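# Chains, contacts and geometry: an overview
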Amino acid sequence: MSWITDVAPKIKTLFKRDSPENLWIKCPDSGQVVFQKDVEANQWVISGSGHHMRLSALQRLKLTFDEGRWTDVPVPDGESDPLKFRDTKRYTDRLKEARTKTGLPDAIKVGTGTVEGIPMTVAAHDPEFIGGSLGVAAGEAFIKGAEAAIERTTPYVAFTASGGARMQEGILSLMQMARTTVLIRRLRERRLPYIVVLTNPTTGGVTASYAMLGDVHVAEPGALIGFAGPRVIEQTIREHLPDGFQRAEFLKDHGMVDMVVHRHDLRPTLARLCSLLMRLPANGAATETEVTAEDGASDTEVSLPAPSDEETSRQ
């Protein structure tokens, strides 16, 4: 029988066909199993249930900017492990794993480009980078994005997807809540729009800072938005929460979110909002000045209209 033992694995290998992984996706809401390519073609929205899948920062920027093209805003890596933190594994190991998995230095990626022809600076959380949590490097990335928006005179759009402040960085992480708030104030002093797109999930310290300080708050359908999670709240108050509590639609009904917008409609919605807030012509065309960047690419600056005498007196 030894020949069967020797030959059988070879026959099995000969007729074995490699099948790609992740061919199918199971909808978290309905349990529907759908073909991944169909979901990807539908901007990662499951057509049957309308469930919006989580996007990486790269996917988010690609879907937002015209033709999926943008210029990266350089961001620092930050301290790898300022507190020498360790739980079940070292924090430095967690960072290495996250950087390998996402290809990003930290949880926020920033780019500049155009959306429906309107120049914008966009920052996007990557939920796969330690839950999109806010640490020193992520806070610095958000700040660099705001500074780039001020320098280029563009609106600043932030896509949030985070579990909150990063506990491995302690008080240094919480400091980013104040630092990012300062930059939002500078944007307002320059009369530049700051728009927040709340995606699933947006919680903790991010919600308690820059995620809720936008001029306009847009949310994707079904996004979980809050400070503490519903399970924690139920355990604390010992009461059952209403259906849909802390979801985008619930918050819109209670005045916490300005609008809930399907992912397919986000780009034109952002363009329309920025056009109104920047007082651009009705066709959305901006007054453009071509500026030669260091890499030879051309960027666009938008000239804001001068404030009226009445607005000047109010200021």
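None of the values given here were measured: they were computed from a predicted structure. (Residues numbered from 1 in each chain as written. Predicted model: local features only at pLDDT ≥ 70, side-chain atom pairs only at ≥ 80, totals over all residues. Heavy atoms only, no water.)

### Some details on the overall build of the chain
Per the secondary structure count, the chain includes 11 helices and 11 strands. In the chain, of all internal contacts separated by at least 6 residues, the share reaching a separation of at least 24 is 65%. Counting only carbon and sulfur atoms, one obtains 52% of the accessible surface of the chain, whose full area is about 17,300 Å². (Helix = DSSP H or I, 4+ residues; strand = E, 2+ residues; numbered from the N terminus. Contact = heavy atoms within 4.5 Å. Areas by Shrake-Rupley, 256 points an atom, 1.4 Å probe, with all protein chains shown as cover.)

### A word on the sheet that holds strand β6 (residues 156–162)
As summarised here, the arrangement of the 7 strands in space is β3-β4-β5-β6-β7-β8-β9, forming an open sheet in which the pairing is mixed. The strands lining the two open edges of the sheet, one partner per strand, are β3 (71–72) and β9 (259–260). The pairing of strand β5 (residues 118–125) with β6 spans 4 bridges and is classified as parallel. Its bridge partner lying in β6, A123 is registered against A158. (Pairing = 2+ DSSP bridges.)

### Here we look at the side chain of H125
Here H125 lies in strand β5. Residue classification places H125 among the buried positions, given a relative accessible area of 5%. At a separation of 3.0 Å, a polar atom in the side chain of H125 contacts the main-chain carbonyl oxygen of G132. Setting aside chain neighbours within four positions, we find H125 in contact with L55, A57, A107, I108, G132, F159, T160, A161, S162, V206 and Y210. (Buried < 20%, exposed > 50% of the residue type's maximum accessible area, 1.4 Å probe, protein only. Polar contact = N/O pair within 3.5 Å; in protein donor to acceptor, adjacent residues only side chain to side chain.)

### What to know about the pairing of β5
Counting buried positions along β5 gives 8 out of 8 residues, so the element sits mostly inside the fold. On β5, burial covers both faces: I118, M120, V122 and A124 on one face and P119, T121, A123 and H125 on the other are all buried. Bridge count for strand β4 (residues 108–115) against β5 is 8 bridges, and the pairing is antiparallel. The residue bridging V115 from the neighbouring strand is I118, located in β5. Hairpin remark: β4 followed by β5, antiparallel, with 2 residues in the connecting loop; positive phi at E116, about 55 degrees.

### Some remarks on the confidence of the model for the chain
Low pLDDT means the predicted coordinates in that region are not meant to be read closely. Model confidence for the chain is summarised by a mean pLDDT of 86, while 82% of its residues fall at 70 or above. Scored below 50 in pLDDT, residues 284–315 shows 50 contacts in the model against residues more than four places distant or in partner chains. (pLDDT = per-residue confidence, 0-100.)

### Details of the pattern of salt bridges
Taken as a whole and judged by the stated rule, the model has 16 salt bridges. A salt bridge links K89 to E97; the nearest nitrogen and oxygen atoms lie 2.9 Å apart. Its relative accessible area of 29% is what places K89 among the partly exposed residues. With relative accessibility at 45%, the residue E97 sits in the partly exposed group. As a salt-bridge pair, E189 and R185 come within 4.0 Å of each other at their nearest N and O atoms. (Salt bridge = Lys/Arg side-chain N within 4 Å of Asp/Glu carboxyl O.)

### Overview of the packing of aromatic side chains
What the rule picks out here adds up to 7 aromatic pairs. Look at F245 and F250: their rings are 5.5 Å apart centre to centre, the planes differ by 65 degrees, and that puts the pair in the edge-to-face class. Take F245: its relative accessible area is 23%, and that puts it in the partly exposed class. Taken together through their ring pairs, the aromatic side chains of F142, Y156, Y194 and Y210 make up a single cluster. (Phe/Tyr/Trp six-rings, centres within 6.5 Å; stacked < 30°, edge-to-face > 60°.)

### Notes on a nonpolar patch on the surface
Taken together, the side chains of L23, W24, V33 and F35 define a hydrophobic patch exposed on the protein surface, amounting to about 380 Å² of accessible area. Within the secondary structure, W24 is located in strand β1 (residues 24–26). The class of W24 is exposed, set by a relative accessible area of 55%. (Patch = residues over 30% accessible without salt bridge, like charges linked within 9 Å, V, L, I, M, F, W, Y side chains within 5 Å.)

### Considering the pairing of strand β8 (residues 216–219)
Residues of β8 alternate between two faces, with V216 and V218 on one and H217 and A219 on the opposite face, all of them buried. Here 4 bridges tie strand β7 (residues 194–202) to β8, and the two strands are oriented parallel to one another. Opposite V197, over in β8, you have V218 as the bridge partner. Taken together, the 2 bridges between β8 and β9 define a ladder with parallel strand orientation. Bridged to A219 within β9 is V260.

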